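Letter by letter, the chains look like this.
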Amino acid sequence: MAGINREREEAITDRGLEALDSVLGIRPVGYRATMWETSYATPQILLDRGLLYDSSLMDSDLHYELAENTSPDARSIVEIPVSWALDDR
């Protein structure tokens, strides 16, 4: 998320998850960033919250694993790329 630090991104993510849980009684398993804006911290933030996939990036036609960092033992989250052709606007 452009222009905010990791702590603020975590707070925004937590607030959204809490709102969905308290209002609708659901806990999502996936995430799509508002305006597709992510940060280098986003994968780790999502993994820490138990999310299984992200659908915010537009860099491929096929799904893939997105690592939380470059270490050999890094966790990964499934990335399901977005396509303008499939956008539901």
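Here the structure is a predicted model, which means the values were calculated and not measured.

Visitor: Provide a residue-level description of the nonpolar core, including the pertinent values.
Guide: Within the largest apolar cluster, seven residues are counted, these being Met1, Tyr31, Ala33, Leu46, Leu47, Leu51 and Ile77. Once residues lying within four places of it in the same chain are set aside, the contact partners of Met1 are Glu9, Ile12, Tyr31, Glu37, Thr38 and Ser39.

Visitor: For helix H1 (residues 6-24), give the residues involved together with the corresponding values.
Guide: Taking 1.5 Å of rise per residue, the 19 residues of H1 would be expected to cover 27 Å, and the 27 Å separating its terminal C-alpha atoms lies within 8% of that figure. When we look at burial in H1, the residues that qualify are Glu9, Glu10, Thr13 and Leu17. Each buried residue of H1 lies within a common arc of 100° when the element is viewed along its axis, so the set occupies one face. Away from the buried face of H1 by more than 90 degrees, exposed residues Glu7, Arg15, Glu18, Ser22 and Val23 are located. At its buried positions, H1 is contacted by helix H2 (42-48). Where H1 begins, the side chain of Asn5 points an oxygen toward the backbone nitrogen of Glu7, at a separation of 3.2 Å. Following H1 by one or two positions, Gly25 has its phi on the positive side, about 70°.

Visitor: Provide a residue-level description of the pairing of strand S4 (residues 76-79), including the pertinent values.
Guide: Of the two faces of S4, the one lined by Ile77 and Glu79 is fully buried and the one lined by Ser76 and Val78 carries no buried residue. Sheet topology places strand S3 (residues 64-67) next to S4; four bridges connect them, and they run antiparallel. Bridged to Ala67 within S4 is Ser76.

Visitor: Can you tell me about the sheet that holds strand S2 (residues 53-54), naming the residues and giving the values?
Guide: Taken in spatial order, the four strands line up as S1-S2-S4-S3 in an open sheet, and their pairing is mixed. Across the chains shown, the open sheet's two edge strands, defined by having one partner strand only, are strand S1 (30-31) and S3. Taken together, the two bridges between S1 and S2 define a ladder with parallel strand orientation. Within the sheet, the bridge partner assigned to Tyr31 lies in S2 and is Asp54.

Visitor: I'd like a description of the environment of Ile26, backed by residues and values.
Guide: Residue placement: Ile26 occurs in the loop between H1 and S1. Exposure remark for Ile26: the relative accessible area of 42% places this residue in the partly exposed category. If we skip the residues at most four places from it in the chain, Ile26 touches Leu20 and Asp21.

Visitor: So what's going on with unusual backbone geometry? Residues and values would help.
Guide: Of note in this structure, Met35 is not a glycine but carries a positive phi near 55°. Structurally, the position occupied by Met35 is in the loop between S1 and H2. Of note, Trp36 is a non-glycine position whose phi angle comes to about 60°, a positive value. As for its position among the elements, Trp36 is in the loop between S1 and H2.

Procedures and definitions
- Residues numbered from 1 in each chain as written.
- Predicted model: local features only at pLDDT ≥ 70, side-chain atom pairs only at ≥ 80, totals over all residues.
- Heavy atoms only, no water.
- Core = buried A, V, L, I, M, F, W, Y, C linked by side-chain atoms within 4.5 Å.
- Buried < 20%, exposed > 50% of the residue type's maximum accessible area, 1.4 Å probe, protein only.
- Contact = heavy atoms within 4.5 Å.
- Helix = DSSP H or I, 4+ residues; strand = E, 2+ residues; numbered from the N terminus.
- Expected span 1.5 Å × (residues − 1).
- Arc of directions from axis to C-beta.
- Polar contact = N/O pair within 3.5 Å; in protein donor to acceptor, adjacent residues only side chain to side chain.
- Pairing = 2+ DSSP bridges.

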